[in-house]
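Inside the fold
Chain by chain, the residues:
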Amino acid sequence: MEEQTTDQGGQGLGGALDLIRRMGEAAQQAADTPAAQVQVPVPVPDVATTVPVVPRPAAEAALQQLLDAAHGPDFLSLLAVFVLAIFVGYYVVWHVTPALHSPLMAVTNAISSVIIVGALIAAGMAVDNVSTVFGFVSTVFGFLAVILASVNIFGGFLVTRRMLAMFRKKPR
Amino acid sequence: MDAFTSIMYLIAAICFIMALRGLSSPETARRGNFYGIAGMAIAILTTMFGPQVHNWWWILGGLAIGGAIGFVVAQRIQMTALPQLVAAFHSLVGLAAVFVALAAFYSPEAFGLLIPGTNEIRGVSLIEMSIGAAVGAYTFTGSVIAWGKLQGVISGKPLVFPFQHFVNLGIGLVLILLVVFFSIWEPGILLWLIIILALALGVLMIVPIGGADMPVVISMLNSYSGWAAAGIGFTLHNPLLIITGALVGSSGAILSYIMCKGMNRSFFNVILGGFGGEAAAGQAALADRTVKQGSAEDAAFLMSNASSVIIVPGYGMAVAQAQHALREMADLLKKQGVKVSYAIHPVAGRMPGHMNVLLAEANVPYDEVFELEDINREFAQADVAFVIGANDVTNPAAKTDSSSPIYGMPVLDVEKAKTVLFVKRSLGSGYAGVDNPLFYRDNTMMLFADAKKMVEDIVKAME
């Protein structure tokens, strides 16, 4: 039982990566297909590079604009990651024993503070950026967010550790 | 994002999944927590050494201040105050999300959010940003209110006012409109307006929810803190934030679902609030019925002569801090050859798994503690059911009386035990405001006292 569920998790993640890769390829193809129809003498653009060197025909440019507007394949692959991660979370969390639901809340709380990544970027801006008004405002917001998130990270993992340390088996 | 950063973020995400996976049993849980810490360390270090961070001073300062506060708080907190602590922590995630969204709005170039060659932020980024900020703001004030209710700073009673739901619905619709306007015209004032409205909505939505529904509220806010992180992840094009946010979001959603099922109420019924407000209305008429009252000595005698005792703890045990005395009592019983087990209802306490943590704190081995569906059949073979600080979760009316507000809620079948010992301060009804017919049964003996004092007296009588 244990082993089987671990495998499920593994498949989910592997599947996720695979899907993301395939979506990326599909988007690439979508971007290339109309180009192939219009252009005849121009050399075929290299599939591996996302930035084509060749001047683009109108149809491709229009499509690219459309994709940009919708945030392009970037947004779709992020959405795919999001949806698949929800599924991974769903299956993993149903396997959490009800006795550990409190540590589950504490640890999910701690890991949701990974939002600190965004705060780090804001707080760690280049100094010449900080000297502008908006840059300074952003840096301060980032700094405050780093404080809040790190309270959560240190506090959350520590309190989880304290809780888990108390769960003991019957002495035999 | 360069390849190295992407791969490190992926490893961090896998660590977080392993952290949740470890919680499937207490043996693997500690290693799971270690995975979580490792994942977080990888995420932070990768970002700090990454191309988007140029200056460490603010970061190190923030980490030191926040880390110190977090460390001290987590080290000092009493296990009974855990629900408040978790609510407070959720509020911090919410507020952090708001701050990150604002930082991204004012310095989009640092986050790579500009349309190449222009000074404009992409429309989609604006939508993602404002949704992340709104969910964060809502989580912040909602969690602060939940914290107040759990801490006792704000009354645990539901606060209801006329047209409440229409006001909330109105704010919600205005919020959606503002997000649309903001994505088109991009003025900062709209983002602030969105944040302020979401802050207000957080207060208004949680205020009408009663204290004992807090397990659902905390789980829900847990879920929202995840969605807020995911929203920011979309804004920053960061898959790690998106994955983690989705994990946390679905975890909180599952917990809310389990809690709602434990009360046989729909999620909306809980969220719309007002439940348990009108307690003790028709109480006087019922209170005339006779109850059997016992003393600590009676209880000690009954339990010492039993062959199996099932203890049913509830929130009252947490309030009285009776878990240590309770474990002492159980130890004495076990020494006399009595089989002791504990039965936990899913919504006992103020957060999911609250009772399990308190019992674990008192050194009760976790393999003596059982969930409702695992132990309910055993009450029929038990000699004594010892109910301490629980009420509604043992109410047989939930099975028989279709007019009862708690009808259909899964309850512990304590009345099937030969004798029910019910530790309670008075005959008052529980949170749901429903009288418990269990009090008046022939096989029930009421022990009127503070939970901790009664258990200590029982221990003395046994010795």
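Notes on the structure in this doc start here. (Residues numbered from 1 in each chain as written. Chains lettered and ligands numbered in written order. Predicted model: local features only at pLDDT ≥ 70, side-chain atom pairs only at ≥ 80, totals over all residues. Heavy atoms only, no water.)

Observations concerning the overall build of chain B
What counts is decided by this rule: Every helix listed is a DSSP run of H or I at least four residues long, and every strand listed is a run of E at least two residues long, numbered separately from the N terminus. In this tally, Lys and Arg are treated as positive and Asp and Glu as negative; His is ignored, and so are the chain termini. Think of each charge as sitting on NZ of Lys, CZ of Arg, CG of Asp or CD of Glu.
Summing up its helical and strand segments, chain B has 19 helices and six strands in all. Across its three principal directions, the C-alpha atoms of chain B cover 85 × 50 × 35 Å. Charge separation in chain B, taken as the distance between the mean sites of 26 positive and 31 negative side-chain charges, equals 3 Å.

Looking at helix H15 (residues 323-335) of chain B
Residue and element names in this part refer to chain B. This is how it is decided: Multiplying 1.5 Å by the residue count of a helix minus one yields the expected span of that helix. Under the scheme applied here, a residue whose accessible area is under 20% of the maximum for its type counts as buried, over 50% as exposed, and between as partly exposed, the area being computed with a 1.4 Å probe on protein chains only.
For H15, spanning 13 residues, the distance from its first C-alpha to its last is 18 Å, which sits close to the expected 18 Å at 1.5 Å a residue. Those residues of H15 that fall on the buried side of the exposure criterion are Gln323, Ala325, Leu326, Met329, Ala330, Leu332 and Leu333. Gly337 occupies a position one or two residues after H15 and carries a positive phi of about 85 degrees.

A few points about the pairing of strand S6 (residues 444-448) of chain B
Residues and elements named next belong to chain B. Operational definition: Pairs of strands are assigned from DSSP output, requiring at least two bridges between the strands.
In terms of burial, S6 is largely enclosed, as four of its five residues are buried. Here five bridges tie strand S5 (residues 419-424) to S6, and the two strands are oriented parallel to one another. Along S6, the bridge assignment pairs Lys424 with Phe448.

Some remarks on helix H5 (residues 116-123) of chain A
What counts here: Throughout, a contact is declared for two residues whenever any of their heavy atoms are within 4.5 Å.
Of all eight residues in H5 of chain A, eight are buried, a share of seventy percent or more. Of the surrounding secondary structure, the elements contacted by the buried residues of H5 of chain A are helix H7 (133-166) of chain A together with helix H1 (3-22), helix H2 (26-49), helix H3 (57-76), helix H4 (82-106) and helix H5 (108-111) of chain B.

Some remarks on the interface of chain B and chain A
Put simply, the test is: By convention, the term buried area covers the 1.4 Å-probe accessible surface removed from two parts as they join, with the contributions of both added. Under this definition, polar contacts are N or O atom pairs within 3.5 Å; protein pairs additionally need one hydrogen-donor-capable and one acceptor-capable atom, and for neighbouring residues in sequence, both atoms have to be side-chain atoms.
With 108 residues of chain B at the interface, the matching set in chain A holds 92 residues. Here chain B packs against chain A, burying approximately 8900 Å² in sum over the two surfaces, 78% of which is carbon and sulfur. Considering only the side of chain B, the residues that lose the most area to chain A are Arg21, Leu23 and Trp58 of chain B, jointly responsible for 9% of the buried surface there. Taken together, chain B and chain A are joined by 16 residue pairs in polar contact (both at pLDDT 80 or more).

Some remarks on the packing of aromatic side chains
The test is simple: Ring pairs are drawn from Phe, Tyr and Trp, using the six-membered ring of Trp, whenever the two centres fall within 6.5 Å, and their geometry is named by plane angle: stacked under 30 degrees, edge-to-face over 60, tilted for the rest.
For the structure on display, the rule yields 18 aromatic pairs over all chains. Ring plane angle 45 degrees and centroid distance 5.9 Å describe the contact between Phe75 of chain A and Phe234 of chain B, whose orientation is recorded as tilted. Linking Phe75 of chain A in helix H3 (residues 72-94) with Phe234 of chain B in helix H9 (residues 214-235), this pair reaches from one chain into another. In this structure Phe234 of chain B comes out as buried when scored by relative accessible area, which is 9%. Aromatic side chains Tyr138 of chain B and Tyr224 of chain B sit 5.3 Å apart centroid to centroid with 75 degrees between the ring planes, which places their arrangement in the edge-to-face category. Here Tyr138 of chain B is found in helix H6 (residues 123-151), whereas its partner Tyr224 of chain B is found in helix H9, with 86 residues between them in sequence. Clustering of aromatic rings is evident, with ring pairs tying together Phe75 and Phe82 of chain A together with Trp227 and Phe234 of chain B.

Quick word on the pattern of salt bridges
Residue and element names in this part refer to chain B. Rule in force here: Counted as salt bridges are all cases of a side-chain nitrogen of Lys or Arg within 4 Å of a carboxyl oxygen of Asp or Glu.
By the definition in use, this model includes 11 salt bridges over all chains. Between Glu415 and Lys399 there is a salt bridge, with the nearest N and O atoms lying 2.7 Å from each other. Taken together, the residues Glu415 in the loop between helix H18 (397-400) and S5 and Lys399 in helix H18 connect sequence positions 16 residues apart. Note on Glu415: relative accessible area 12%, which makes it buried. Among the ionic pairs, Lys453 bridges to Asp457, the shortest N-O distance being 3.2 Å. Linking Lys453 with Asp457, this pair stays in helix H19 (residues 451-462), spanning four residues, or about one helical turn. Classification of Lys453 as partly exposed rests on a relative accessible area of 47%.

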